[in-house]
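Coordinate inspection notes
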Amino acid sequence: MIGLISATGAGALARDRLATAWPGRTRVYEGPVADAVRRAFGECEQVVCCLATGAVVRILAPLLSDKATDPGVVCVDEAGQFAVSLVGGHEGGANALAREVADVLGARPVVTTATDAAGIPGLDTLGIPYEGDVAGVSRALLDGEPVGLVAEVSWPLPALPFTSVLPFTAGEPVTGAAVVRVTDRLVPSADGEVVLRPPSLVAGVGGSRGVSVDEVAGLVRDALRDAGLSARSLAALATVDAKADEPGITGAAALLGVPLLTYSAGELAGVDVPNPSDAPLAAVGTPSVAEAAALIGGGELLVPKRKSVRTDGSAAMATCAVVRRAARGRLAVVGLGPGARDLLTPRAKDELRRASVLVGLDQYVDQIRDLLRPGTRVLESGLGAEEERARTAVAEARAGHAVALIGSGDAGVYAMASPALAEASDDIDVVGVPGVTAALAAGALLGAPLGHDHVSISLSDLHTPWEVIERRVRAAAESDLVVTFYNPRSRGRDWQLPKALGILAEHRAPTTPVGVVRNASRPDGSTRVTTLAGLGPEAVRSVDMMTVVTVGNTATREIAGRMVTPRGYRWQEEPK
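Residues numbered from 1 in each chain as written. Predicted model: local features only at pLDDT ≥ 70, side-chain atom pairs only at ≥ 80, totals over all residues. Heavy atoms only, no water.

**Brief notes about the sheet that holds strand 15 (residues 300-307)**
Test applied: When DSSP locates at least two bridges between a pair of strands, those strands are taken to pair. Secondary structure elements follow DSSP: runs of H or I no shorter than four residues count as helices, runs of E no shorter than two count as strands, and numbering proceeds from the N terminus. Angles shown run from 0 to 180 degrees and are taken between the N-to-C directions of axes, each axis being a line fitted to C-alpha atoms and, for helices, limited to the stretch in contact. Between two residues, a contact is recorded if the distance between any of their heavy atoms is within 4.5 Å.
Spatially, five strands are ordered 14-13-12-16-15 in an open sheet, and the strand pairing comes out mixed. In this open sheet, the two edge strands, each paired with only one partner strand, are strand 14 (260-263) and strand 15. The sheet shows a mean angle of 20° between the axes of neighbouring strands, taken without regard to direction. Across seven bridges, the pairing between strand 12 (residues 201-207) and strand 16 (residues 318-324) is antiparallel. What sits directly across from Gly-207, in strand 16, is Ala-318. In this fold helix 7 (residues 213-226) packs onto strand 12, strand 13 (234-240), strand 15 and strand 16, with an angle of close to 40° to the strand it touches most, strand 16.

Dropping the structure here:
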């Protein structure tokens, strides 16, 4: 919950705009300002004060306890010009909240956290547990000092400006440089070192009816400790679905702070395990619960099945096995839009900054290079290397990295999403980020040519035989669809556009409006509305691969210099 406080009418206007923009997320605190701030600070995860920063500092000073638990606080000035991240920039989420507030109010976010200002992700903001000298290592990153990465476990982290990748040796600290260590093992910490704990471990558990929470949770903790593994890297408990409601197991998952995964006996019976047993086979229908539940998603068995030990000497009631699952890499397929920076979506920007590896066509990389974080590894190639880029992006994701594969417009429309996802399997996470297509950007410049049913057709026969393309153009012509032609003409391919226009002309009047847009949304762009008859040989010669050509249907009209395809609303047909 976000607490909102104001003291004046101007502040109340900003407060109410935030409350309206975030229904269900906010609570307005009334009454004396100092009391309201104190109550909000004690009751909410975050607080927005439409007050002077000095006043808020004086009120909050006695309340501040620990940056890991204090709420994030943002201050907004009376004029609504600035949203200042005051307290809890990272842990409290105030930096992100300041940007959200600024978006709503049209203000400027003020973030003074050093890593944010330098474009480097904070080591305490990566969404995984961490230990060690965050301040010292962050300072080394900011000062450009040598910082090494030691990764026993690969994990899709965002880009960080590491100067070296060092070998991992279990049980040995690294000395001589600042270090970020990514591991699920219990390793000795040292000055100038941060240990990141990726959620790479899954504990399979079994239990007799009536097993206690303490016996299950204690067994898991002991198994991890004895194997030299960190409980902070535990991602989940797993068991057979017959035990999904066993209080001792569900309670242990809650106590350990992880989800409980359950699988059918049939699924578990199909997993090859080193220590099958007749007891679980008779009880729940599978020769293994703990090992099979841990191994069902694949991975390395670090702790074979072990039983709990009861102090009274009675029979064990719980079993446990621990597996390290391979990191699931992350592939974000990002549409950059038609080229204008203000048509690049906020989500696309976030994904570009989330990635540690960027794969793309060199000219597209140049468009967004300034948005990448320091340390981003860029793999760029030229025209014609689409297959190479698709395979490279998937391979990097399979290696456990956070990858962004970029394409112009929408990456799923005549771009890289299709070849990449044809290569990908279910061993990586895939995120699609939509972008503004060339057809949509051109349509907005032309007016409303896509107001009714429409189709996009690429005239490039590099990957599609012309016979197939021609059949599609004829079908669109006969169906009276508005048509947008992509890739209409190149130096080596100059006859396809006149041929396609001729097919449409068999079904449409010579006066049918046609829009020709080159470099839609870019500074050197051009837009022209003509007709089928007016798009003669001279005009066709000006068309190139950076152009889209939109041909209206039989209802499309030119109105005030704009292409308009009526939607067919009944109220527009009624007599005035």
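We are not done yet, so read on.
**Considerations on the sheet that holds strand 21 (residues 429-433)**
Read from one edge of the open sheet, five strands run 19-18-20-17-21, paired in parallel fashion. This sheet does not close on itself; its edge strands, each paired only once, are strand 19 (377-381) and strand 21. This sheet shows a mean twist of 15° between the axes of neighbouring strands, independent of strand direction. Pairing of strand 17 (residues 330-335) with strand 20 (residues 402-407), which is carried by six bridges, proceeds in the parallel orientation. Residue pairing in the sheet places Arg-330 in a bridge with Ala-402 of strand 20.

**Remarks on the state of the cysteines**
In a disulfide, the sulfur atoms of two cysteines are held together by a covalent bond. Rule in force here: Criterion for a disulfide: a pair of cysteine sulfur atoms within 2.5 Å.
Taken as a whole, this structure holds zero disulfides when the rule is applied. Cys-49 provides the cysteine sulfur closest to Cys-44, a residue in no disulfide bond, and the two sulfurs are 10 Å apart.

**Some details on the environment of Ala-96**
One can find Ala-96 in helix 4 (residues 94-105). C-alpha of Ala-96 to C-alpha of Thr-250: the two residues are 154 residues apart in sequence and 34 Å apart in space.

**Structural notes on the environment of Val-551**
Which entries qualify depends on this criterion: Summary of the burial criterion: residues with accessible area below 20% of their type's maximum are buried, those above 50% are exposed, and those between are partly exposed, where the area comes from a 1.4 Å probe applied to protein chains only.
You can see Val-551 is positioned in strand 27 (residues 547-551). For Val-551, a relative accessible area of 0% puts it in the buried group. Each C-alpha atom of the pair Val-551 and Arg-508 lies 9.8 Å from the other, and the pair is 43 residues apart in sequence. Among all residues touching Val-551, those that are not within four sequence positions of it are Val-482, Val-483, Phe-485, Leu-501, Leu-504, Arg-508, Thr-512, Pro-513, Val-514 and Leu-532.

**Here we look at helix 12 (residues 346-354)**
For clarity, the threshold we go by: Directions are taken from the helix axis to each C-beta atom, and the arc is the one they span.
Every buried residue belonging to helix 12 is among Ala-348, Glu-351 and Leu-352, and all of these are buried. Summarising the axial view, the buried residues of helix 12 lie within an arc of 100°, below the 170-degree limit, and thus occupy one face. Those residues of helix 12 that are exposed and angled more than 90 degrees off the buried face are Pro-346, Arg-347 and Asp-350. Where helix 12 is buried, its residues contact strand 17, strand 18 (357-361), helix 13 (362-368), strand 20 and strand 21.

**What to know about the side chain of Asp-184**
Selection criterion: Polar contact is defined as a pair of N or O atoms within 3.5 Å, subject to the rule that within protein one atom must be able to donate a hydrogen and the other to accept it, and that residues adjacent in sequence are counted only when both atoms are side-chain atoms.
Examined against the element boundaries, Asp-184 turns out to sit in the loop between strand 10 (178-182) and strand 11 (193-196). Side chain to side chain, Asp-184 and Arg-324 meet in a polar contact 2.8 Å long. Discounting residues that sit within four places of it in the chain, Asp-184 has contacts with Glu-152, Val-153, Arg-197, Pro-198, Ser-200, Leu-201, Gly-228, Leu-229, Ser-230, Ser-233 and Arg-324.

Honestly, it's all geometry; don't read function into it.
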